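Breakdown of the fold
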Amino acid sequence: MKYNKKFVSITTAIALTAVLLAGCSSNSSSSSTSASASTSASTTASETGGDSEMFTDRDKEIGYSESESTKIELSGSSATVSGEGATVSGSTVTITTEGTYILSGTLTGQIVVAADDAAKVQIVLNGVTITNAGSAAIYVKSADKVFITTASGSENTVTATGELTATDGTTKIDAAIFSKSGLTLNGAGTLTVNAENGNGVVSKDDLAVTCGTYNITSADHALNGKDSVRIADGTFNLTTTNGGDTIHASNDEDTAKGFVYIEGGSFKLSSDDDGIHASGALTICGGTIDITQSYEGIEGKNIVVSGGTISLVSSDDGFNASAGTSSNSQQGGMGGGMQQGDSSISLTISGGTITVDAGGDGLDSNGNLTITGGTTTVYGPTDNGNGALDSGEGCTISITGGTLMAAGSSGMAESFDTSSTQGSILYTLTDTQAAGTQVTLKDSSGNVLAQFTPAKTFNAVNLSAAGITSSGTYTLTVGSQSYTVTMSSISYSNKTGGMGGGKMGGQMPGGQMPQHGQQNTTNSGSTTQQSGSAAVQGADTQSSATTTA
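Residues numbered from 1 in each chain as written. Predicted model: local features only at pLDDT ≥ 70, side-chain atom pairs only at ≥ 80, totals over all residues. Heavy atoms only, no water.

**Quick word on the pattern of salt bridges**
For the record, the criterion: A pair is scored as a salt bridge if a Lys or Arg side-chain nitrogen falls within 4 Å of a carboxyl oxygen belonging to Asp or Glu. Starting at the N terminus, helices and strands are each numbered in turn, a helix being any DSSP run of H or I of at least four residues and a strand any DSSP run of E of at least two. Three labels apply to residues, based on accessible area from a 1.4 Å probe with only protein chains included: buried if under 20% of the type maximum, exposed if over 50%, partly exposed otherwise in between.
Scanning all chains against the criterion turns up 8 salt bridges. Note that R230 and D206 form a salt bridge whose closest N and O atoms lie 3.5 Å from each other. Of the two residues, R230 sits in strand β20 (residues 228-231) while D206 sits in strand β17 (residues 206-209), which places them 24 residues apart along the sequence. Ionic pairing is found between K456 and D357, a salt bridge with its closest N-O pair at 3.0 Å. Pair noted here: K456 is in the loop between β42 (448-452) and β43 (458-464) and D357 is in strand β33 (residues 353-358), with a separation of 99 residues, a long-range link. When its relative accessible area of 18% is taken as the criterion, K456 is described as buried.

So, in structure tokens, the structure goes:
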């Protein structure tokens, strides 16, 4: 949970989020088309659905003609140019004219693009190793747009060594690949990027990736776009080591920019800060995303997940919808809606399969939190200063579809509110349950509505699935203990104190405190109901093996 916020225009944020979400609605799986070293101009990287405005045809184009390209043979601290548009001065190769340039060999030096502002330049990496000390190995100083294409089957390595202290006017050139213009990465080969200090790949405009394999290890951000990071497809192995996000977009001047859009791809991300971070909208339509280490897993002002498979581990919040910039050095304090919410901030899950292992809040929004579809599983937190779910004070937390299975601590546990149309159950337990204890929810006919096995200790579960209604009776089994829950509201909670509980400090919607009804005893697997008080709103029955909450 972060408190550092910068409020922006609600209208702008909603409009941008709507555009990005609309782009996900037609998403389909994409497939890359391999290209030989010389391919026709009609070859494209992928045939993806999604938002057609996110990528141009040229972004997806990985074809090139060898006969019409300038060839640059790299050789130690120099190079040889065959064709027009590039010159060599010492260990620096400078490209000055629009066109396609095929690079091969090894260079200790720098590739510079200094073309006019209308020029589109394609750099084909066909088995290159480029290393530069103190500055970028590939530096785009000027152009309209640059396309870095890896030739089919090629292995390429770009490295920046030492402290990245070089500047161009007021611009610090702080990445192994640094572009002041729009930059697109594509191809059917592999690009390895190393930056022991600074960033891996930076565009001070839009950074797009449409296909290829990328292995990036950097101190700071691995992929960094000022205006946006847009990913259609590809394979990504990204690691940051010194406070950087693996995927990062941030724009302080234009709040409609600074967004991340992911349509597909395979991601393995490890960061000591955020896995994926956007100062604006963060939209995930598809792909397979595995964040193995992070401070916060996925952070943005307006987060929308409509598809894909996401698995993340975070030491703080798993998902964090916030208008501020967070870092591992900023400790979040207590969660559970301690600060006034901002309704321009949102976390929306409408599809996909999500698994969160969070040390802080599992799903955290400093504004509204909405689930309309997909399958979301949350493990953690284990401390009472955070909750599996957390929405902004005064904002909505609702579920209308999909499946949620969450387990964590009870201290800041929060239930869904009555704006929901699908039933939910927040159940706090008297004893802490061990990791690996199975949780099952069945309806009155014995049908399993939800079942999962938390990977961490817990004493509260939050469940919502199709089949939970405002008037049903359900059996919750946690390990060997069974509890009967009788619903008389769309949102049930037996939480009786502390923060959370639908922002009511444990109260049920309408201000009523939960009451307890019939008590069960379990004998040889059968449940015998003993007489008790009549069921009331939120009434529940517990196994005799535990104390009534």
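There is more to say, and it comes next.
**Considering the nonpolar core**
The cut-off we apply is this: Residue types Ala, Val, Leu, Ile, Met, Phe, Trp, Tyr and Cys, when buried and joined through side-chain atoms within 4.5 Å, form a set referred to as a nonpolar core. What makes two residues a contact is simply this: any of their non-hydrogen atoms within 4.5 Å.
L223, I247, I298, F319 and L363 are the most contacted members of the largest nonpolar core, which totals 82 residues. For this core, the element with the highest residue contribution is strand β7 (residues 120-133), accounting for 5 residues. Setting aside residues up to four positions removed in sequence, I298 forms contacts with I276, L282, I284, I291, I303, I310, L312, G318, F319 and N320.

**A closer look at unusual backbone geometry**
Look at the link from G380 to P381: it is a cis peptide, with omega at 5°. Relative to the helices and strands, P381 resides in the loop between β36 (375-379) and β37 (389-390).

**Some thoughts on the environment of C211**
Inspection of the secondary structure puts C211 in the loop between β17 and β18 (213-218). You can call C211 buried: its relative accessible area is 1%. Considered as a pair, C211 and G234 are 23 residues apart in the sequence and their alpha carbons are 4.1 Å apart.

**Re the pairing of strand β6 (residues 110-114)**
The line we're drawing: DSSP-based pairing: two strands are paired if at least 2 bridges between them are found.
By the criterion of burial, β6 is predominantly enclosed, with 4 of the 5 residues buried. Direction of pairing for strand β4 (residues 92-95) relative to β6: parallel, over a ladder of 4 bridges. Within β6, the residue paired with T94 across the bridge is V112.

**Topic: the pairing of β36**
Across the 5 residues that make up β36, a large majority, 4, are buried. Of the pairings in the sheet, the one linking β33 to β36 comprises 5 bridges and is parallel in character. Residue pairing in the sheet places T355 in a bridge with T377 of β36. Bridge analysis of β36 against strand β39 (residues 403-408) gives 5 bridges, and the strand direction is parallel. When the bridges of β39 are listed, V378 appears paired with A406.

**Comments concerning the packing of aromatic side chains**
As a reminder of what qualifies: For Phe, Tyr and Trp, where Trp contributes only its six-membered ring, two rings pair if their centres lie within 6.5 Å, and the inter-plane angle classes them as stacked under 30 degrees, edge-to-face over 60, or tilted in between.
One pass over the structure, following the stated rule, counts 7 aromatic pairs. Aromatic pair Y139 and F178: ring centres 6.1 Å apart, planes at 50°, arrangement tilted. In this pair, Y139 is assigned in strand β8 (residues 138-142) and F178 in strand β13 (residues 175-179), connecting sequence segments 39 residues apart. Like F178, Y139 is buried. On the basis of an interplanar angle of 25° and a centroid distance of 6.4 Å, the ring pair of Y427 and Y492 is categorised as stacked.

**Side note on the environment of T403**
Within the secondary structure, T403 sits in strand β39. As for T403 and S464, which are separated by 61 residues in sequence, their C-alpha atoms are 5.6 Å apart. Beyond its immediate sequence surroundings of up to four residues, T403 is in contact with G374, T375, T376, S464 and A465.

**Overview of the side chain of D317**
So the rule is basically this: A 3.5 Å cut-off defines polar contacts: any pair of N or O atoms within that distance qualifies, except that in protein one atom must be a possible hydrogen donor and the other a possible acceptor, and neighbouring residues in sequence count only when both atoms are side-chain atoms.
Tracing the backbone shows D317 in the loop between β30 (309-314) and β31 (319-321). For D317, a relative accessible area of 0% translates into the label buried. From its side chain, D317 meets the backbone nitrogen of D361 in a polar contact 2.9 Å long.

**Focus: the environment of L183**
Here L183 lies in strand β14 (residues 182-187). What makes L183 buried here is its relative accessible area of 0%. Through-space distance from the C-alpha of L183 to that of V209 is 8.6 Å; in sequence the pair is 26 residues apart. Filtering out sequence-adjacent residues up to four positions away, L183 remains in contact with V146, I148, I177, V201, V202, S203, D206, L207 and A208.

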